[in-house]
2 protein chains.
Amino acid sequence: MQALIPDSLLNDLNQMQQRMLEKGLPVLVVFEGSSGRVNGRVNSELIRCLEPRGVLYRHFDPTTIGSPAEILDFVQHTPAKGQLGLFDRSWYSAAIERYGDGDDWKGLDNMLKVSNDLERYLTLNGILLIKIILKSNVSILKEYGSQYGPKMPRRSFLSLDNIDPQKFKGSVLDHVYERTDTEYAPWNLIKIGDIGKTVIETAEVIIKTVNKRLDSEPPPLAMPEIERTFENPRNCLDLNKRYNMPYDEMINDLSDEIGELQMELSLSDRSLVVCFEGWDAAGKGSCIKHLCHALNPRGYDVYQTKAPTEEELKHTYLWRFLKGIPEKGHITVYDRTWYGRMMVEHIEGLCTEEEYRRSPFEINAFEKMMKDSGIILLKFWLDITPEEQLSRFEKRADDPLKAWKITDEDWRNRSKWDAYNEHVNIMIESTNTKHAPWTVVGSNDKKYARVMVLKSVADAMKKELS
Amino acid sequence: MQALIPDSLLNDLNQMQQRMLEKGLPVLVVFEGSSGRVNGRVNSELIRCLEPRGVLYRHFDPTTIGSPAEILDFVQHTPAKGQLGLFDRSWYSAAIERYGDGDDWKGLDNMLKVSNDLERYLTLNGILLIKIILKSNVSILKEYGSQYGPKMPRRSFLSLDNIDPQKFKGSVLDHVYERTDTEYAPWNLIKIGDIGKTVIETAEVIIKTVNKRLDSEPPPLAMPEIERTFENPRNCLDLNKRYNMPYDEMINDLSDEIGELQMELSLSDRSLVVCFEGWDAAGKGSCIKHLCHALNPRGYDVYQTKAPTEEELKHTYLWRFLKGIPEKGHITVYDRTWYGRMMVEHIEGLCTEEEYRRSPFEINAFEKMMKDSGIILLKFWLDITPEEQLSRFEKRADDPLKAWKITDEDWRNRSKWDAYNEHVNIMIESTNTKHAPWTVVGSNDKKYARVMVLKSVADAMKKELS
């Protein structure tokens, strides 16, 4: 178990890790290539040269990526600040396994677009991405393959790779390479040969790229102004709308219908995400309660968005929300969401101007990934007038059972109504996409809002599951 | 979807949740009983009456609990401070499914002992445990069963329960009841009938028990002094021991052997936990590095024990360590462990006297569970003399590449050498159990320590996997 690389390079690696830790730089090295044993062994050898405390290694079996999480699953395993992440296979293996036969170029291109969006997101969020293809061919493997491990190892998760090497050749791979060799995440081609030489070359690529980044932080990308290109349903909204039908009956019928649709969902390969945003006291809690009451508790979770923890702050912005992405057949209800960045975080100065400006881009790409991986996505904005909010605040303050629900922060937010109002409009006009449109619910009448929410959920499930 | 319980009871439930939140009381309600549809429906109805933000519902399918995590898996899902946890089935269903045929009373009794230890642990850590059996029989189900749901529902995870109701009858159930109806976690028997009546009775049991606890905090259990009953291998340890064999050869041979044993482990239903504790600068990091270098990275994780996060502080003490428990075939290396409570936490006043005194009891029970669920467990204490530590500290301080490794805290800890030394002796003499013995390694010679660690790991794996 001698290290295959010379002591000087070992020192360089250790110093690199040390500097990454000091500067809080997260680095993600992605390994691709046709030979699983080469990829596995090069990773093992690299790890032997690294301080294990800062390394996050993960092997992905592209054939097991079957849940709607799919590409989102990768984001959850990205390194925290100061960590060196090693991905043994990635979204590229997943794409090549699925589209490598070359008979669905459109599907492949969509997946590659998602990959580029993902990599742009990771880069903008401060992760240094190093993509490496360990390139081999039949004659090279014949000469050097046995150095990397037995050709037919025992059938353990330690050695199996479930890759069809045939798909890693020819026009599909060239196409993937061309479409994803971007400015912010270029490919590094390493032709494999003698194992010592290959490991040294790989280590050198990593050291060079990391040190270059540590020596000179790239200038922050100038983000353009947010584009407000989408329709804003708030413009033609009647906030005082009421239903004329009997309320209890409506709620009961819709609840029964949603219960039945949940059973359909549980037997399908889809999942459901319901997002709630809205003014303080607009009725988010009560809508969530009514929705949950229609559901079988075995099949849903409520994700409470709170201030990020220390650990969460070490990761990219959307990382913490990914923990809530539902498995196949399951439902997640988000009580506030990733849209916090486009409202409270920007208004209260909790994010930079640049982070704010890029958030609709990131969010639209993120929601597209959700959509593409089979998630039925609903986003509710519960809208009320400032007068209605005031009356609800006062009612709460007067009720000893509900007084705890109203805090100084609520009054402070209320004093910034105009700023919030403008932010909400910008948010909706920049993220009301076709793949993830907003449902704005006039909520001055609580009962109307609840019925509308249940009806929208039922309609969306019915449409998507039929 | 009308609530089945009267408004007054609804109010009582909401006030109860509110008080739990204010006082930070975690409550765990465990539901058992022969009828899956009754359990599921009663839980659904209860949840309809609760504020969803504070509820943590979880259904356990006893037949899917196959990994070594097993009973430990339940602990990971216990409620945080202020939360109301609802377990739809629990370790009891798991025990009854496995031992319900009545042909392995010894196995059953061992599992029930583990259950009692677990419940005692949860109780001592501040969780209020409410255990409920929803009792039915054939004639009751014939009369009321259809109120709770269809007898043959569609085959979805929403409805399937995978319980053999036959096993929930007769002598095995009586035996389980008798052995686990403890002072700190008594059973509540609720005979099911009309669904409204059953849900009301269940809600009343929960409200009564929670309010009683909230009204009068039970006096803290007087914990006896820690018993120092086990042998202390430090007493006859030669800290300066060296190996006479060639070091590089030993390390290489042992690494190869461990690599092969890891392949065996990956194909077995066992898993491996290796714990490292020791003096500052005793060489934990370097031993971990050498062990990891022998391993295939696909099969191991390193768990870094750090100061607990805010979220972790809302849970019981061992909760955060459970995240590291390995799946079948996998390995976790703990870089410091749950023994922090018996050293730094007590010395620095980070835990109460009572928490300190009960920790060996808790830890021994916890390690017994690990052992019982198929985990191969190794605990290393790396021992050095104070003189050797001083010389290493000074060497580090002088080396610009290693100076960061030595902090003020290290010097502060060193000034408390005698207190630590006494705590280490107490720790070993109270937790050096037969099921989880300590391996104390004289580490004044670094090379000897590394060889000893690798050899102990190889020997343990060989013995357990043969």
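Residues numbered from 1 in each chain as written. Chains lettered and ligands numbered in written order. Predicted model: local features only at pLDDT ≥ 70, side-chain atom pairs only at ≥ 80, totals over all residues. Heavy atoms only, no water.

The name given to chain A in an unreviewed UniProt entry is Tmk1 protein, with Candidatus Methanoplasma termitum as the source organism.

Draft legend 1. A look at the relation of the copies chain A and chain B. Once chain A has been moved 0.0 Å along the axis and rotated by 180°, it coincides with chain B to within an RMSD of 0.0 Å. Interpreted geometrically, this transformation is the action of a two-fold axis. Proximity to the rotation axis, assessed at the C-alpha, singles out A:Thr309 in chain A; its C-alpha lies 4.1 Å from the axis. (Least-squares fit on C-alpha atoms with pLDDT ≥ 70 in both.)

Draft legend 2. Geometry of the side chain of A:Asn444. Residues and elements named next belong to chain A. Take Asn444: it is sitting in the loop between β10 (438-442) and α18 (446-465). Asn444 gets classed as buried once you look at its relative accessible area, which sits at 11%. Engagement of the side chain of Asn444 in a polar contact is seen with the side chain of Asn240, the distance being 2.9 Å. A distance of 3.1 Å separates a polar atom in the side chain of Asn444 from the backbone nitrogen of Thr385. (Helix = DSSP H or I, 4+ residues; strand = E, 2+ residues; numbered from the N terminus. Buried < 20%, exposed > 50% of the residue type's maximum accessible area, 1.4 Å probe, protein only. Polar contact = N/O pair within 3.5 Å; in protein donor to acceptor, adjacent residues only side chain to side chain.)

Draft legend 3. Representation of the sheet that holds strand β7 (residues 300-304) of chain A within the structure. Residues and elements named next belong to chain A. Read from one edge of the open sheet, 5 strands run β7-β8-β6-β9-β10, paired in parallel fashion. The sheet is open, and its two edges are formed by β7 and β10, each paired on a single side. Geometrically, the sheet is characterised by an average inter-axis angle of 20° between neighbouring strands, direction not taken into account. Sheet strands touched by helix α14 (residues 353-372): β6 (271-278) and β9 (375-383). Its angle to β9, the strand with the most contacts, is close to 135°. (Pairing = 2+ DSSP bridges. Axes fitted to C-alpha atoms, helices over the stretch in contact; angles between N-to-C directions. Contact = heavy atoms within 4.5 Å.)

Draft legend 4. Layout of the interface of chain A and chain B. Counting from both sides, the interface comprises 54 residues of chain A and, opposite them, 53 residues of chain B. Roughly 4,700 Å² is buried in total at the junction of chain A and chain B, and carbon and sulfur atoms are behind 54% of that figure. Summed over the shared surface of chain A and chain B, the result is 8 salt bridges. In this structure, A:Asp335 and B:Arg53 form a salt bridge, with 2.6 Å as the shortest nitrogen-oxygen distance. Applying the counting criterion to the chain A and chain B interface returns 22 residue pairs in polar contact (both at pLDDT 80 or more). Going through the elements one at a time, α1 (7-23), α2 (36-48), β2 (55-59), α9 (247-266), α10 (284-293) and β7 of chain A are the ones with two or more residues in the side of chain A that touches chain B. In terms of residues, the side of chain A that touches chain B owes the most to one element, α9(A), which gives 7 residues. Grouping the amino acids of the side of chain A that touches chain B by side-chain chemistry returns 19 nonpolar, 21 polar and 14 charged. (Buried area = accessible area lost by both parts, 1.4 Å probe. Salt bridge = Lys/Arg side-chain N within 4 Å of Asp/Glu carboxyl O. Nonpolar A, V, L, I, M, F, W, Y, C, P; charged D, E, K, R; others polar.)

Draft legend 5. Highlighting the packing of helix α5 (residues 105-124) of chain A against helix α7 (residues 170-180) of chain A. All names here are of chain A. Remark: α5 packs on α7, axes separated minimally by 10 Å, with the N-to-C direction vectors making an angle of 35°. The hand of the α5/α7 crossing is right-handed. In contact with Trp105, Leu108, Asp109, Leu112, Asn116 and Glu119 of α5, α7 contributes Ser171, Val172, His175, Val176, Arg179 and Thr180. Among the residues making up the contact of α5 with α7, the classes are represented as 5 nonpolar, 4 polar and 3 charged. (Left-handed = near helix turned anticlockwise from the far one by under 90°.)

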